[in-house]
Amino acid sequence: MNEIELLREWDADAPPLTDAARARARLRLQQAMRAPAAPVAVTGVGRRPLLRIAVAGVAAAAVTATVVVTQDTGTEPRTRTVSATTVLRGAAAEALRTEKPVAPRDDQFIYTKEVIEETPVSGGPTKTYVDESWNSVDGSKKSYVSELGTKQWVPPFQKGQSTWPPSRWSELKQLPTDPAKLTATLRDMGGKPDYGRPTKADEWPMVQFFLSGLLRDAVLPRGLRSAAFEALASVPGVTVLPGRTEVDGRAALAIRYVGPSGTPWQGSGRMLLFDATSYQYLGTRERRTAGGKTYEQWSHLTAQAVVDRVFQRP
């Protein structure tokens, strides 16, 4: 995740970047995103809080892509046609309806419990990992993280170190909850957002990358998660996949980024999953290669909360 190091240049306390500096940062990030994905691992200090961003940063919306969904009404099946825009806007409404307002203190921790299931593509038993992590809200304390069953302590942030999404609640609160303004803010990160300027074609992959990373944050200020889903609904390049995917016995819709030729993630197989009826966000599905083997991987959060200390559970 060396590409995330460029975010250190975008510290809130630093002077705004020039257009040339932002262009160089954008180029570095896009080049890194195009590079082959490294196997999931937690070797190296402080990598876990950044790693899952790259794994999940793959979803956006295409306003023309549709899929027919069959619903069992108890009498006879019915069908309806939905688009990626419909799904993501439905997810935004569901997030706003179900979220609980929180305001963690800097000295607290974000607790998450994530279940990851992996099945070898070539055949074999499914392996399940249950990862519990405690991440310092402002990065000033040691965090304890787990990735695919591997656990480690992560030291406090060093001066000038930063992550995406921001770990400091004060920084998250500064992000706008208006979808259009949120898009412009992420596009122009490091400078003053130009809310009136249309986003260029080569800027959408990075905007989508940042939005998807933001949605991986387990706890967000009220309205921000909904805004991120709404913003994704305006990003060109994602389609609803045909057919249904079962998640814990629930019919799910899969959304995957399909950008222009030569852009990151085309044909990557990574997708976001949503309940086919309520559009509630369920998790991610993708392929992971490690040790010469390829795995089908499904991951989803089963718990998240604000706690006062490491190893405390809600």
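Quick note: structure is the one above.
Computed from a predicted model, the values in this text were never measured in an experiment. (Residues numbered from 1 in each chain as written. Predicted model: local features only at pLDDT ≥ 70, side-chain atom pairs only at ≥ 80, totals over all residues. Heavy atoms only, no water.)

## Overview of the pattern of salt bridges
Okay, so step 1: Applying the stated criterion to the full structure yields 11 salt bridges.
Okay, so step 2: A salt bridge links Arg 97 to Glu 94; the nearest nitrogen and oxygen atoms lie 2.8 Å apart. One end of the pair, Arg 97, and the other, Glu 94, are both in helix H3 (residues 84-98), three residues apart, so they sit about a helical turn from each other.
Okay, so step 3: Given a relative accessible area of 60%, Arg 97 falls into the exposed group.
Okay, so step 4: One salt bridge connects Arg 287 with Glu 296, and the closest N-O pair in it is separated by 2.6 Å.
Okay, so step 5: Through salt bridges with shared partners, a single ionic network connects Arg 187, Asp 188, Arg 197 and Glu 203. (Salt bridge = Lys/Arg side-chain N within 4 Å of Asp/Glu carboxyl O. Helix = DSSP H or I, 4+ residues; strand = E, 2+ residues; numbered from the N terminus. Buried < 20%, exposed > 50% of the residue type's maximum accessible area, 1.4 Å probe, protein only.)

## Points about the side chain of Glu 132
Okay, so step 1: When you line up the elements, Glu 132 lands in strand E4 (residues 127-136).
Okay, so step 2: Reaching out from Glu 132, the side chain makes a polar contact with the side chain of Tyr 111 at a distance of 2.4 Å.
Okay, so step 3: In this structure the side chain of Glu 132 is engaged in a polar contact, spanning 2.8 Å, whose partner is the side chain of Arg 313.
Okay, so step 4: Once you skip the residues sitting within four places of it in the chain, Glu 132 turns out to touch Tyr 111, Thr 112, Lys 113, Tyr 144, Val 145, Ser 146 and Arg 313. (Polar contact = N/O pair within 3.5 Å; in protein donor to acceptor, adjacent residues only side chain to side chain. Contact = heavy atoms within 4.5 Å.)

## Considerations on the nonpolar core
Okay, so step 1: Core analysis: the biggest nonpolar cluster contains 44 residues, and Leu 182, Leu 211 and Leu 214 have the highest contact counts within it.
Okay, so step 2: Considering each element in turn, this core owes the most residues, eight residues, to helix H6 (residues 204-215).
Okay, so step 3: In this structure, Leu 214 is in contact with Trp 164, Pro 165, Leu 172, Leu 175, Leu 182, Leu 220, Leu 224 and Ala 228, ignoring residues within four places of it in sequence. (Core = buried A, V, L, I, M, F, W, Y, C linked by side-chain atoms within 4.5 Å.)

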